[in-house]
Amino acid sequence: MKPAIRTDLALESRELAGATAEEQARIPGVRFSRRKLGGMHIDVMDITTQEGADRLCKPVGRYVTVEIDRFLRRRDDAFTDSAQGIGQLLRELLDLKRDSGVLVACLGNPAITPDAIGPLCARNIMVTRHLKERMPETFQPFRSVAVVCPGVLGTTGIESAALVGAAVREVKPDAVIAIDALAARNLHRLCRTVQICDTGISPGSGVGNHRYALNQKSLGVPVIAVGVPTVVDMGTVVQDLGGSLPEDDSPEMIVTPRDIDSFVSDAAKLVGYALNFALHEGLTIGDIDLFVS
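My aim in this report is to walk through the structure given alongside it, one point at a time. All figures in this text were calculated on a predicted structure; none of them were measured in a lab.

**Comments concerning the overall build of the protein chain**
Summing up its helical and strand segments, the protein chain has 13 helices and nine strands in all. Computed over C-alpha atoms, the radius of gyration of the protein chain comes to 19 Å, within 12% of the 19 Å expected from 2.2 N^0.38 for 293 residues, which places it in the range of a compact globule. The dimensions of the protein chain, computed from C-alpha atoms along their principal axes, are 60 × 45 × 40 Å. The proportion of buried residues among the 293 residues of the protein chain is 49%. Of all intrachain contacts in the protein chain linking residues separated by at least 6 positions in sequence, the fraction that spans at least 24 positions is 70%.

Next up, the structure:
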C-alpha cells in the first residue's frame, strides 16, 4: 500500500483533518488564528493536548505558517519587511535572554537543490561565537551564534541528529534553530511559505525518509524549526488534478518547480537574514550585508 498523503506543514495536517473550515475549527485540542505582519499573512496554530496531537499527527506545540508572496513578487522593500517580520516571529518563539547563545543546525544535502536550503542558509548567518570569545568587548552587543551543517547520512555515514547532538554538547547553547527543506501537499504552498514551530523537526519525514528527531527531548535544549516546502509528492499532484490517489503499483515520485534553483537561493538568504534580525538587536540590512559578505 502507498503511504498516506505526505506533508510537513501542520496547517495542511489541520486541513486534512477537517473537510470544512467549521470542522477544522472544532478539532479538539487545536486553536487557530490569523494575523498580518509586514505585509505577510500569518497562520498560527497551537496544538494544546495529546488528543489534538494524535488527530493531526504532530507534536504538541505552536506552528506558525508565513505566506511570502510579497517577497516572491519583489515588491518594494519586500525582502527587508519579510526578513524582519519572520525575525520577529522567531524572537517570539525563542524568548532569549540578552546573554543567550544559539546553535543553528543547517540541515540538508547541498548537492540536491530542493534539499539545499539549510546549507545555503549557513552562508547568510552572522556567526559570532568565536568573535565574542576573542573580542568580547567589541562583540558584546551580539549574541553568541554558532552554525553546524551536518550533511546527510548518505554522504557522512553519521545521522544528522548525532552530529548536531555532538555540537550541542560542545557549544552548550541555550537553544537550537534547525533549518530544513520541507514537503507540502498543496501545490499553492510549494515554495511560497515558511513554517516555524517550537517542536523541533524530523528530517526527511515529509518524503517518507524518517530520521532521528531533533527536539528538546533528544538535544536537551529548546529547538525551533524553520522550514520551507520545496517538494510535493506526485501522488498529491495526481489527486489534486484527478481527484483520486494513483494506483498502488505506480512509481513514487517527488516533484519540484522548474525554477527551484532561484527560489532556494532566495529563500536561503531570506531565512538567514531573518535569523540575524531575530538573534541580534538593532541591525540593518546593510549591517548584515557587510558581515556576511
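Next comes the rest of the write-up.
**Remarks on unusual backbone geometry**
Most of the time, phi is negative for any residue but glycine, and the peptide bond is trans. Of note in this structure, cysteine 57 is not a glycine but carries a positive phi near 60°. For cysteine 57, the location among the structural elements is in the loop between α3 (50-56) and β3 (61-67). Phi is positive for lysine 172, which is not a glycine, with a value near 55°. The class for lysine 172 is exposed, based on a relative accessible area of 63%.

**A short note on the environment of isoleucine 86**
Within the secondary structure, isoleucine 86 sits in helix α5 (residues 78-94). Isoleucine 86 gets classed as buried once you look at its relative accessible area, which sits at 1%. Each C-alpha atom, one on isoleucine 86 and one on serine 202, is 22 Å from the other, the two residues being 116 residues apart in sequence. Once residues within four sequence positions are removed from consideration, isoleucine 86 is found in contact with Met40, Val66, Ile68, Val194, Ile196, Leu270 and Ala274.

**A few points about the pattern of salt bridges**
Considering all chains together, one arrives at eight salt bridges under this definition. In this structure, arginine 34 engages aspartate 43 in a salt bridge whose closest nitrogen and oxygen atoms are separated by 2.8 Å. Look at arginine 34 and you get exposed, because its relative accessible area is 65%. Each of Glu12, Glu15 and Arg189 takes part in salt bridges that share partners, so that together they form one network.

**Topic: the nonpolar core**
Core analysis: the biggest nonpolar cluster contains 55 residues, and Val66, Ile68, Ile86, Ile177, Ile179, Ile196 and Phe263 have the highest contact counts within it. Per-element accounting of this core gives the leading share, 13 residues, to helix α12 (residues 260-279). Not counting residues within four places of it along the chain, the set of residues in contact with isoleucine 196 comprises Arg62, Tyr63, Val64, Ile86, Leu89, Leu90, Leu93, Ile224 and Ala225. If you look at the next biggest cluster of nonpolar residues, it comprises 30 residues, including Leu9, Ile27, Val148 and Val164.

**Let's talk about the environment of valine 226**
Summarising the element assignment, valine 226 is placed in strand β8 (residues 223-233). The buried category is assigned to valine 226, whose relative accessible area is 1%.

**Observations regarding helix α1 (residues 10-17)**
The buried fraction of α1 is high, at six of eight residues. Those residues of α1 not exposed but buried are Ala10, Leu11, Glu12, Ser13, Arg14 and Ala17.

**Description of the packing of aromatic side chains**
In total, this model carries four aromatic pairs according to the counting rule given. Both rings, one in phenylalanine 71 and one in phenylalanine 79, keep their centres 5.9 Å apart while their planes meet at 50°; by these two values the pair is tilted. Here the aromatic rings of phenylalanine 142 and phenylalanine 291 are separated by 6.4 Å at their centres, their planes lie at 45°, and the arrangement is tilted. Of this pair, phenylalanine 142 sits in the loop between α7 (129-134) and β5 (144-148) while phenylalanine 291 sits in helix α13 (residues 285-292), placing them 149 residues apart in sequence. Taking the relative accessible area as the measure of exposure, phenylalanine 142 reaches 19% and is therefore buried. Among the aromatic residues, ring-to-ring pairing joins Phe71, Phe79 and Tyr273 into one connected group. Against the face of phenylalanine 32 rests arginine 14, its NZ or CZ located 3.7 Å from the ring centre. Lysine 269 extends its terminal NZ or CZ atom over the ring of phenylalanine 79, reaching a point 5.4 Å from the ring centre.

Cut-off values and rules
- Residues numbered from 1 in each chain as written.
- Predicted model: local features only at pLDDT ≥ 70, side-chain atom pairs only at ≥ 80, totals over all residues.
- Heavy atoms only, no water.
- Helix = DSSP H or I, 4+ residues; strand = E, 2+ residues; numbered from the N terminus.
- Rg over C-alpha atoms; globule rule 2.2 N^0.38 Å.
- Buried < 20%, exposed > 50% of the residue type's maximum accessible area, 1.4 Å probe, protein only.
- Contact = heavy atoms within 4.5 Å.
- Salt bridge = Lys/Arg side-chain N within 4 Å of Asp/Glu carboxyl O.
- Core = buried A, V, L, I, M, F, W, Y, C linked by side-chain atoms within 4.5 Å.
- Phe/Tyr/Trp six-rings, centres within 6.5 Å; stacked < 30°, edge-to-face > 60°.
- Lys NZ or Arg CZ within 6 Å of the ring centre and 35° of its normal.

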